Amino acid sequence: MAALGLSHEEESAYRTLLGRPHAHAGELGDTAILARLVDLGLAIPAGGDGYAAAPPAMALGTLIGARRDELRAAEQALVVLAEEHRAAVAGRSIGELFEVVTGVDAIRHRFLQVQAAARTQIRTFVTAPFVAVRPGDNPAEDAAIGRGVRFRAVVERTVLGQPGAVAETASSLRNGVGVRVVDALPMKLVLADDDLGLVPLAAEPDGEPGAVLLHRSGLLAALEALFEQVWRHAYPLELAGNGVVERDGGGPTELDRRILALLLAGLTDQAVATQLGLSLRTLQRRVRHLLDLAGVETRMQLGWHAARNGWA
């Protein structure tokens, strides 16, 4: 039932319910999965901590109908977006949508420019080898963080073995940068908001390095989607002494749990920051990270998620 948005675990729990007239929460395993089934209308509370399966014809029929409505809405949105895109690029030449940059100095200059242009967020893939900008040599990151830009980086695992890479990663984590690691990345990449992207071009070993500066276009949107997909499946990194480690299961750190506990107790951001010895901006970055980790948009939803998953 993956086509209806159910995970394998949720489908298994629903099938277990179907085979019983009545079951207790403890028999069904993960309470979060059970809560999800209730939200979807697939399970019905049956007194105490008991639950029963909703009839498939009714429950699944409702989900199928909702998916049909979503697909129709998506088709309508596709028509609108295609027209908006056609209007946006009308009269623009291909040359205005991208710029080829050659040479180490030129690539470094564009790399710093792209980050300086960001107003809300910077997303980047970090892979070796380093040609234009080496670990610890990116002043644009600190400048962007200083003006409140959200910074997320996915790092290829081999990069952490490069000289200076661990120290730079630890420094980024201290500054509130979201850093995750994967075994391999398809390319280097830096994205500024939804407006600019810089992608290196493959070059011969003895040839001059090159890169493409992309402006807002369908190709840039595809690279943004690629980043978000890789980010979702990458492993979060966290500080550990003077180094960094992968966070087991992507859960909150001990500091995150203390922040959540104080916020849920009703303290203001400033009061929490003062009590934990953090700057207000660092605290707010940690809260933003927790919202991302929980996959929610508001602090109320974060509190509900934290309570259900034992985060605080």
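Residues numbered from 1 in each chain as written. Predicted model: local features only at pLDDT ≥ 70, side-chain atom pairs only at ≥ 80, totals over all residues. Heavy atoms only, no water.

For the protein, the name recorded in an unreviewed UniProt entry is HTH luxR-type domain-containing protein, with Phytohabitans rumicis as its organism.

S.K.: Requested: an account of the overall build of the protein, with residues and values cited.
M.R.: For the protein, the helix and strand inventory stands at 12 helices and 12 strands. Residue burial in the protein is summarised as follows: out of 312 residues, 39% are buried. A separation threshold of at least 6 residues defines the contact pool for the protein, and within that pool the share at least 24 residues apart is 69%. Working note: accessible area of the protein is about 16,900 Å², and carbon and sulfur atoms make up 57% of it. (Helix = DSSP H or I, 4+ residues; strand = E, 2+ residues; numbered from the N terminus. Buried < 20%, exposed > 50% of the residue type's maximum accessible area, 1.4 Å probe, protein only. Contact = heavy atoms within 4.5 Å. Areas by Shrake-Rupley, 256 points an atom, 1.4 Å probe, with all protein chains shown as cover.)

S.K.: Now, about the pattern of salt bridges: what can you tell me, with residues and values included?
M.R.: In this structure the tally under the stated criterion is 11 salt bridges. For glutamate 99, the salt bridge is made with arginine 110, and the minimal N-O distance between the two is 2.8 Å. In this pair, glutamate 99 is assigned in strand S4 (residues 98–102) and arginine 110 in helix H5 (residues 104–117), connecting sequence segments 11 residues apart. Residue arginine 110 is classed as buried on the basis of its relative accessible area, which comes to 19%. Between arginine 299 and aspartate 269 there is a salt bridge, with the nearest N and O atoms lying 2.6 Å from each other. Of this pair, arginine 299 sits in helix H12 (residues 299–308) while aspartate 269 sits in helix H10 (residues 269–276), and the two are 30 residues apart along the sequence. Residue classification places aspartate 269 among the buried residues on the basis of a relative accessible area of 15%. (Salt bridge = Lys/Arg side-chain N within 4 Å of Asp/Glu carboxyl O.)

S.K.: Requested: an account of the packing of aromatic side chains, with residues and values cited.
M.R.: As enumerated under the stated definition, the model contains two aromatic pairs in all. Relative to phenylalanine 227, the ring of phenylalanine 125 has its centre 5.4 Å away and its plane inclined at 25 degrees; by these criteria the two rings are stacked. Taken together, the residues phenylalanine 125 in strand S5 (residues 121–126) and phenylalanine 227 in helix H8 (residues 218–233) connect sequence positions 102 residues apart. The exposure class assigned to phenylalanine 125 is buried, which follows from its relative accessible area of 3%. Ring plane angle 20 degrees and centroid distance 6.0 Å describe the contact between phenylalanine 227 and tryptophan 231, whose orientation is recorded as stacked. Taken together, the residues phenylalanine 227 and tryptophan 231, both in helix H8 and four residues apart, mark about one turn of the helix. Each member of the pair phenylalanine 227 and tryptophan 231 is classed as buried. Of the aromatic side chains, those joined through ring pairs into one cluster are Phe125, Phe227 and Trp231. The ring of tryptophan 231 is capped by arginine 152, whose NZ or CZ atom sits 5.1 Å from the centre of that ring. (Phe/Tyr/Trp six-rings, centres within 6.5 Å; stacked < 30°, edge-to-face > 60°. Lys NZ or Arg CZ within 6 Å of the ring centre and 35° of its normal.)

S.K.: Lay out H10 in plain terms, naming residues and giving numbers.
M.R.: Burial in H10 covers these residues: Asp269, Val272, Ala273 and Leu276. One side of H10 carries all its buried residues, which in axial view fall inside an arc of 100 degrees. Facing away from the buried surface of H10 by more than 90 degrees, the exposed residues are Thr274 and Gln275. On its buried side, H10 packs onto helix H9 (254–264), helix H11 (280–294) and H12. Glycine 277 sits one or two positions beyond H10 and adopts a positive phi of about 70 degrees. (Arc of directions from axis to C-beta.)

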